[in-house]
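# Structure at a glance
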Amino acid sequence: MPQIIFLPHEEICPEGAVIQVDAGTTICDAALSNGIEIEHACEKSCACTTCHVYIREGLDSLQESDEDEDDMLDKAWGLEPDSRLSCQARVADEDLVVEIPKYTINMVSENH
């Protein structure tokens, strides 16, 4: 069973976390089901960038992003080559190291 290592984030996950996840689960769903309250203002419908993350290790194991995700990522704060929307990136069979960006382009943080 693959694991996701979340690097420490000052507000969302100060200590970082290591979670076990079933292959096929989105990074966003895995985070939320393990108490990591990553933002997801569009309810995981690939219509915003609030769940933007960096895949620091294991990016090649993920299915490539589609055109809709790429279009949304172009609007993300701090876009990097290893950026993905966590609501669209599904865990495969390899472990991932994920960093949650310090900022999102969300004028109002919603508490889900």
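So, here is what we can say about the structure in this document. Along each chain, numbering runs from 1 in the same order as the chain's sequence is written. Given that the model is predicted, a residue must reach a pLDDT of at least 70 before its local features are reported, and side-chain atom pairs must reach 80 or more before they are shown or counted; all residues, however, enter totals for whole chains, interfaces and linings. As a rule here, side-chain values come from all non-hydrogen atoms in the structure, and water together with hydrogens is ignored.

Right, let's talk about the overall build of the protein for a bit. Across its full length, the protein holds 2 helices and 5 strands. Every helix listed is a DSSP run of H or I at least four residues long, and every strand listed is a run of E at least two residues long, numbered separately from the N terminus. When the helices and strands of the protein are read in sequence order from the N terminus, they spell out β-β-α-β-α-β-β. For 112 residues, the compact-globule formula gives about 13 Å, and the C-alpha radius of gyration of the protein, at 13 Å, lands near that figure. Viewed in the frame of its principal axes, the protein has a C-alpha envelope of about 35 × 30 × 20 Å. A simple rule labels every residue: compare its accessible area, found with a 1.4 Å probe on the protein chains alone, to the largest value its type can have, and call it buried under 20%, exposed over 50%, or partly exposed in between. Evaluated residue by residue, the protein yields a buried proportion of 41% over its 112 residues. Any two residues whose heavy atoms approach within 4.5 Å at even a single point are treated as in contact. Pairs at least 24 residues apart make up 66% of the contacts formed inside the protein by residues separated by at least 6 positions. With residues, only the protein chains shown are counted as cover, and all accessible areas are computed by Shrake-Rupley using a 1.4 Å probe. Carbon and sulfur atoms make up 45% of the accessible area of the protein, which totals about 6300 Å². Atoms considered for the radius of gyration are the C-alpha atoms alone. The globule rule reads 2.2 Å times the number of residues to the power 0.38.

So, about the side chain of His-40. Note on placement: His-40 falls in the loop between helix 1 (27–32) and strand 3 (52–57). Residue class for His-40 comes out buried when judged on its relative accessible area of 7%. As used in this structure description, the phrase polar contact means that two N or O atoms lie within 3.5 Å; if the pair is within protein, one of them must be able to donate a hydrogen and the other to accept it, and residues adjacent in sequence are counted only when both atoms belong to side chains. A polar contact is formed between the side chain of His-40 and the backbone oxygen of Ile-38, at a distance of 3.0 Å.

Turning our attention to the nonpolar core. Take the buried Ala, Val, Leu, Ile, Met, Phe, Trp, Tyr and Cys residues and link them wherever side-chain atoms come within 4.5 Å; each set so joined is a nonpolar core. Of all hydrophobic cores here, the largest spans 25 residues; its most connected members are Ile-4, Phe-6, Ile-27, Ile-55, Leu-85, Leu-96 and Val-98. Sorting the residues of this core by element identifies strand 1 (3–6), helix 1, strand 3, helix 2 (67–73) and strand 5 (96–99) as the ones contributing at least two each. Those residues in contact with Ile-55 that sit more than four places away from it in its chain are Ile-27, Leu-62, Asp-82, Arg-84, Leu-96, Val-97 and Val-98.

With that settled, the discussion passes to the environment of Val-53. Within the fold, Val-53 resides in strand 3. Considering only alpha carbons, one finds Val-53 and Ile-19, 34 residues apart in sequence, at a separation of 16 Å. With residues near it in sequence (within four places) discarded, Val-53 still touches Ile-38, Asp-82, Ser-83, Arg-84, Ser-86, Val-98, Glu-99, Ile-100 and Pro-101.

Each salt bridge in this description consists of a side-chain nitrogen of Lys or Arg and a carboxyl oxygen of Asp or Glu lying within 4 Å of one another. Tallying each qualifying case throughout the model produces 5 salt bridges. When the shortest N-O distance is used, the salt bridge between Glu-80 and Arg-56 registers 2.7 Å. Linking Glu-80 in the loop between helix 2 and strand 4 (83–85) with Arg-56 in strand 3, this pair joins segments that are 24 residues apart in sequence. Looking at Glu-80, the relative accessible area reads 31%, which means it is partly exposed. Among the salt bridges present, the one from Arg-56 reaches Asp-82, with a minimum N-O distance of 2.8 Å. Here the residue Arg-56 occupies a position in strand 3, and Asp-82 occupies one in the loop between helix 2 and strand 4, the gap between them amounting to 26 residues. With a relative accessible area of 32%, Arg-56 lands in the partly exposed category.

The analysis is restricted to geometry; functional conclusions fall outside its scope.
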